[in-house]
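So the chains spell out like this:
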Amino acid sequence: MTFSLHGQAVSAGIAIGRAHLISNAILEVAHYQVREKDVEAELARFEHARQVIAGELANLHEEASAPGAPTELAAFVEVHAMLLADPLLAETPKQLIRERRCNAEWALVQQMETLVAQFDEMDDSYLRERRSDVVQVVERVLKALQGKARRISRRKAASEDELIVVANDLSPADTIQFKNLKIGGFVTDLGGSTSHTAIVARSLAIPAVVGMQHARPLIQDDDLLILDGTRGVLIVDPDPGVLREYRLRRTELELDRSKLKRLIGSRSRTLDGEDVELHANIELPQDTERAREVGADGVGLFRTEFLFMNRDELPGEEEQFEAYRAVVKAMNGKPVTIRTLDIGADKEARALRTRAGNRVSPNPALGLRAIRFCLAEPQLFLVQLRAILRASHFGKVRLLIPMLAHAHEIEQTLSLIELARLQLADARQKLSRVDVGGMIEIPAAALALGPFLRKLDFLSIGTNDLIQYTLAIDRTDDAVAHLYDPLHPAVLRLMAQTIQSAQRALMPVAVCGEMAGDPKLTKLLLGMGLRQFSMHPSQLLEVKQQVMMSDSAQLALRVAKMLKLDERDKIAELVEKL
Ligand code: PEP
Ligand code: MG
């Protein structure tokens, strides 16, 4: 039976392929024994997680009973609620916690494995199917206990068909693994448009839709899917006519993309002769290939934290140095902006769990992330700084520091960079000059730029976080995704002020957040005076096309007027007309 689902379009394009449900059974959980005196607390932790999920299911049931909701949904929610309340899942894990002092996750997974084995032996096909419900309920509770890394199966990805991954949620660490697999696209039930999961999808240039709400429970492995990453639509089991239409649209899109390739050798210059630099955002060294293919002017943002994910040991100085040097050499003299470790919030690294941030932060986006974490772990930070500085001998390296807000953070960072330099000088390592820049992604930084202008060499505006922190909207939370608004007048003013102040101080300034890669916003940013953009290589040619059709002087006048407006909708209307 054909049906369609809607979510947030986060990475454009059309994928047609078979569903690959991320298997919950491969959820990895930590196994440890709790101390006798902590047993009661562990029982309470388990019960709390169960209650959280019971609440979620109750809400979902209400939604599922609303007119127009898919009928399958209500039944599925009821089954899950029943299983959650069943003593086999509610009580037996508690016994394991009490008697064997297993941690809650371990106890739950053990019991799940016992139940799954029993279901596997059943002859009744209806009951056998309940096996996946048990696994899904357990996954929900585990998720409430703590977020966990998953390994994406390679077995299926090797097949000829395009695979469309369907998951309840994917962490950035999960998604980065798609770089080595052939994935046609993905959908998730949770997530926001500038979550790092969505960002990685754009960098992969594969269609993706997040915040689908009910895709995972309604879709089965190997279902035929059409994923429209431009409109945010997923069609399950499509009619032949619809399939034909989408195949045609996919071919048209491929044609448009190949036409854009003609711009690769063209100069990125506005109609009135302003040169505009277009740099690439990368996550892994191998991404430089795409950056070079589209003729990027350099790497404007290397998100180094992805080197730290999906592994048990931290990358040491040599390994990091090799990775940075590979990028610098691949860019062949073009500048490479290496951002120091921006771990925390939605970006998790197993190997860092025992470090300063080894506590569940009550609000990870406001917690010990990025530079805050690095300053709390100076030895770990120095390893990275030395590796980056050493790479400077092989090309033009720029160091970019994320999440700065305070003058003392800038000072401490600069002192550590100096210390790393001295350590390398002692070891007779060859280094070249490295400019040090700061990300402007906290409103406080944008509003009090003085120390940034006095102490640093360049700025890069991170609009993803700047929007998150200006509007108090968690960028990963689909429940508030509709309020995450790049065109909010407050956001635009903070950006415009930063660009103008930097230019007055003759300090280079770029935008490296997702706004820089949105061709619908190119003229707005040019009108603010921006001349350095950094984005995923897949977006670069479309942005260049916009630059080449723009008159920057005229845009400056129109944008200046727009920035005085307070009405968001009026601004949106004018942006469209630019
Ligand atoms: C940003 O916040 O805009 C940014 C570029 O950094 P990240 O998306 O990695 O947080
Ligand atoms: Mg950021």
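Okay, so let's go over this structure. (Residues numbered from 1 in each chain as written. Chains lettered and ligands numbered in written order. Predicted model: local features only at pLDDT ≥ 70, side-chain atom pairs only at ≥ 80, totals over all residues. Heavy atoms only, no water.)

Comments concerning the overall build of the chain
Operational definition: Only runs of H or I of at least four residues qualify as helices and only runs of E of at least two qualify as strands under DSSP, and these elements are numbered from the N terminus. Atoms counted for the radius of gyration: C-alpha only. Globule rule: 2.2 Å times residue count to the power 0.38. Any two residues whose heavy atoms approach within 4.5 Å are treated as being in contact. Each accessible area is a Shrake-Rupley estimate made with a 1.4 Å probe; only the visible protein chains count as cover when residues are assessed. None of His or the chain ends enter the tally, which takes Lys and Arg as positive and Asp and Glu as negative. Note that the charge is assigned to NZ on lysines, CZ on arginines, CG on aspartates and CD on glutamates.
Scanning the chain from N- to C-terminus turns up 23 helices and 16 strands. Relative to a compact globule of 578 residues, whose C-alpha radius of gyration would be 25 Å, the chain shows 25 Å and is just as compact. When its C-alpha atoms are laid out on the principal axes, the chain stretches across 75 × 60 × 45 Å. Put simply, of all contacts in the chain between residues at least 6 apart along the chain, 70% involve residues at least 24 apart. Accessible area of the chain: about 25,400 Å², with a carbon and sulfur share of 51%. Taking the 73 positively charged and 80 negatively charged side chains of the chain as two groups, their mean positions are separated by 7 Å.

Regarding the sheet that holds strand E6 (residues 208-210)
Applicable threshold: Here the rule is simple: two strands pair whenever DSSP picks up at least two bridges between them. Interaxial angle, 0 to 180 degrees, is taken between N-to-C directions of lines fitted to C-alpha atoms, where a helix line uses only the stretch in contact.
Sheet architecture is open: eight strands sit in the order E1-E8-E7-E3-E4-E5-E6-E2, paired in mixed fashion. In this open sheet, the two strands that pair with only one neighbour each are strand E1 (3-6) and strand E2 (8-11). Strand-to-strand twist across the sheet, computed as the mean angle between neighbouring axes with direction ignored, equals 30°. Strand direction decides the pairing type here: strand E4 (residues 163-167) and strand E5 (residues 185-188), joined by four bridges, are parallel. Note on E5: the bridge partner recorded for Val166 is Val187. Lying over the sheet, helix H10 (residues 240-260) contacts strand E3 (14-21), strand E7 (224-228) and strand E8 (233-236), oriented at roughly 120° with respect to E3.

Description of the side chain of Thr463
Secondary-structure assignment places Thr463 in helix H18 (residues 463-471). Not counting the four nearest positions on each side in its chain, Thr463 is found in contact with Tyr484, Met495, Val511, Gly513, Glu514 and Met515.

Details of the coordination of the magnesium ion (ligand 2)
Selection rule: Listed donors are limited to N, O and S atoms within 2.8 Å of the metal, widened to 3.2 Å for Na, K and Ca; water is not among them, so incomplete-looking sites are possible. When a residue's accessible area, from a 1.4 Å probe over protein chains only, is under 20% of the maximum for its type it is buried; when over 50% it is exposed; and in between it is partly exposed.
Those donors, Glu441 (OE) and Asp465 (OD), are the protein atoms that reach the magnesium ion (ligand 2), and they lie 2.0 to 2.2 Å from it. In this pair, Glu441 sits in the loop between strand E13 (435-440) and helix H16 (443-447) while Asp465 sits in helix H18, placing the two residues 24 residues apart along the sequence. Judged by relative accessible area, Glu441 falls into the buried class, the value being 2%. Classification of Asp465 as buried rests on a relative accessible area of 2%.

A few points about the nonpolar core
To keep it simple, the criterion reads: Among the buried residues, those of types Ala, Val, Leu, Ile, Met, Phe, Trp, Tyr and Cys that are joined through side-chain atoms within 4.5 Å form a nonpolar core. For the domains described, the bounds stem from an automatic or database domain assignment.
In terms of nonpolar packing, the biggest core is built from 120 residues, with Phe178, Leu399, Phe452, Met495, Leu524, Met528 and Phe533 touching the most fellow members. Per element, the largest residue contribution to this core is eight residues, and it comes from helix H14 (residues 378-391). Domain assignment of the residues forming this core places at least three in each of domain 1 (1-22 + 151-242) and domain 3 (268-577). When near neighbours in sequence (up to four residues on either side) are disregarded, Phe533 contacts Val276, Glu277, Leu278, His279, Val511, Ala516, Thr522, Leu525, Leu526 and Val543. Phe76, Leu89, Val109 and Val134 belong to the second largest nonpolar core, which has 32 residues in total.

Remarks on the packing of aromatic side chains
Note the following rule: Aromatic pairs are defined between Phe, Tyr and Trp rings, using the six-membered ring for Trp, whenever the two ring centres lie within 6.5 Å; interplanar angles under 30 degrees are classed as stacked, those over 60 as edge-to-face, and all others as tilted. As a reminder, the over-ring test applies to NZ of lysine and CZ of arginine, requiring each to be within 6 Å of the ring centre and within 35 degrees of the ring normal.
According to the stated counting rule, one finds two aromatic pairs in the structure shown. Seen from their ring centres, Phe302 and Tyr324 are 5.9 Å apart, and the 80° between their planes marks the pair as edge-to-face. Of this pair, Phe302 sits in strand E10 (residues 299-303) while Tyr324 sits in helix H12 (residues 317-330); the two residues are 22 residues apart in sequence, bridging distant segments of the chain. The class of Phe302 is buried, set by a relative accessible area of 0%. Note on Phe321 and Phe394: the rings are 6.0 Å apart at their centroids and 50° apart in plane angle, and the pair reads as tilted. Within this pair, whereas Phe321 is found in helix H12, its partner Phe394 is found in the loop between H14 and strand E12 (397-401), the two being separated by 73 residues in sequence. On the basis of relative accessibility, which here comes to 29%, the residue Phe394 falls in the partly exposed class. Its guanidinium or amino end placed over the ring of Phe394, Arg325 lies 5.2 Å from that ring's centre, counting from NZ or CZ. When the ring centre of Phe458 is taken as origin, the NZ or CZ atom of Arg398, which lies over that ring, is 3.7 Å away.

Structural notes on helix H8 (residues 196-204)
Counted residue by residue, H8 has nine buried out of nine residues, so it is predominantly covered. Residues His196, Thr197, Ala198, Ile199, Val200, Ala201, Arg202, Ser203 and Leu204 constitute the buried set of H8. Count one or two residues on from H8 and you reach Ala205, which has phi positive near 55°.

So, unusual backbone geometry
A positive phi angle, close to 55°, is found at Arg101, a residue other than glycine. Here Arg101 lies in the loop between helix H4 (92-100) and helix H5 (104-120). By relative accessible area, Arg101 is classed as partly exposed at 28%. The phi torsion at Ala205 lies on the positive side, around 55°, for a residue other than glycine. Mapping Ala205 onto the fold places it in the loop between H8 and E6. According to the relative accessible area criterion, Ala205 is partly exposed, its value standing at 39%.

Considerations on the pattern of salt bridges
The condition is simple: Whenever Lys or Arg places a side-chain nitrogen within 4 Å of a carboxyl oxygen from Asp or Glu, that contact is recorded as a salt bridge.
Per the stated rule, a full pass over the model turns up 40 salt bridges. Residues Arg493 and Asp566 are paired through a salt bridge, measuring 2.8 Å at the closest nitrogen-oxygen approach. Of this pair, Arg493 sits in helix H19 (residues 489-504) while Asp566 sits in the loop between helix H22 (552-562) and helix H23 (568-577), and the two are 73 residues apart along the sequence. By relative accessible area, Arg493 is classed as partly exposed at 31%. On the basis of relative accessible area, Asp566 is assigned to the exposed category, the value being 60%.

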